[in-house]
Each structure stands twice: as C-alpha cells, then as structure tokens.
Amino acid sequence: LVGADGNPLKEGVYDNDKQEFLDFGDYIITQIDNTIYYTFPGALKLVPKGWRIPTTEDFEKIMKYGKHLISKDNKCTDKYGFDAKLLGFSRRPFVNGFDSCASFWCVDDKNPQKAKCFMITKKDKPYCKISDVKDKHYIGMSVRLCKDL
C-alpha cells in the first residue's frame, strides 16, 4: 500500500509470542476478510491533493439522514446512496464490532489534526454517533474521503 505522495505505508508488526505490537505502523490487515484498518496517521497519508478526511460537520450531515439508514446483510445503506460495510474497528490486535458497526476516521471541524470517529451501529435499528479518539496510533478504522469543491 502506498500513500498519496507515492511513499509506501508501513504495516503494523505484531509479535505473536509476546502478544503485542512491536510497531503500530500506518495500517494492519486482519485475518477477517483481509480487512485493512488504518491508524489516524496512516489515514492522513492516504489523502491526495484536492481531497480531505471528512470533518465532524460532514458526518453530521449524514447523521441528519441517519433515520433513513437500513441494515441489510453486512452493511447499512440509505436511499441517498450512502453505503457502509459493517467491518467494525481494530483495537490492536483485536477487531471489535465486525458485523455490527462501521467506524470511519473524521476530524474536528476547527482542528484537522484532532482525530474523531464516526460510527454507525446496527442494533435493532441503525444509528450514528461521533466520538473523540484518544489514542489515534492504537486504533484502526476505515477511511472515507471528501472531495474539496
């Protein structure tokens, strides 16, 4: 995997004997469906010119229409074309919420270096929430990008 600048991203290194990460890297590939989860620094490296990590305001617009989300199989979708596979997130080395939530990196509206999480959770009915992320080097999530207009 390479970043937007053409430089390779660094995969996290896990020591099975010690059961700990030796290097968190920019991403990990899990045993489940070969899903890739990016750390926040890794997500920032993916952003090409003219694009950006979504802000909380961007995802709040999606939340406004969140009442229209429906669950089907392993994803949530709506009549407006938003689609999210429920891949959960990685709290190294484990995957949490696989098949029950989708988690995406987003940034604070006023501070693009402050990591946040947009999560869609499927319980009885899908719902959305935005929360702070304290350890952006330890958590891995999916990435969606917004095109600058």
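Up top you'll find the structure we're talking about.
Residues numbered from 1 in each chain as written. Predicted model: local features only at pLDDT ≥ 70, side-chain atom pairs only at ≥ 80, totals over all residues. Heavy atoms only, no water.

Things to note about the packing of aromatic side chains
This structure, assessed with the given rule, holds five aromatic pairs. Their ring planes at 5 degrees and their centres at 4.1 Å tell us that F59 and F118 sit as a pair that is stacked. Taken as a pair, F59 in helix α2 (residues 56–64) and F118 in strand β12 (residues 115–122) lie far apart in primary sequence, 59 residues in all. Of the aromatic side chains, those joined through ring pairs into one cluster are F59, F104 and F118. (Phe/Tyr/Trp six-rings, centres within 6.5 Å; stacked < 30°, edge-to-face > 60°. Helix = DSSP H or I, 4+ residues; strand = E, 2+ residues; numbered from the N terminus.)

Topic: the sheet that holds strand β10 (residues 94–96)
Taken in spatial order, the three strands of this open sheet run β10-β9-β14, and their pairing is antiparallel. A strand with exactly one partner marks an edge of an open sheet, and here the two such strands are β10 and β14 (139–140). The pairing of strand β9 (residues 89–91) with β10 spans three bridges and is classified as antiparallel. Of the residues in β10, the one forming a bridge with R91 is F94. (Pairing = 2+ DSSP bridges.)

Points about the nonpolar core
Most often, soluble globular proteins have nonpolar side chains that are buried together. Y38, F89, W105, V133, I139 and M141 are the most contacted members of the largest nonpolar core, which totals 17 residues. Those elements that place two or more of their residues in this core are α1 (40–45), β11 (101–107) and β12. Beyond its immediate sequence surroundings of up to four residues, Y38 is in contact with L1, L9, D26, Y27, A43, L46, W105, I139, G140, M141 and V143. Core analysis: the second largest hydrophobic core is formed by eleven residues, F59, F82, A102 and C128 among them. (Core = buried A, V, L, I, M, F, W, Y, C linked by side-chain atoms within 4.5 Å. Buried < 20%, exposed > 50% of the residue type's maximum accessible area, 1.4 Å probe, protein only. Contact = heavy atoms within 4.5 Å.)

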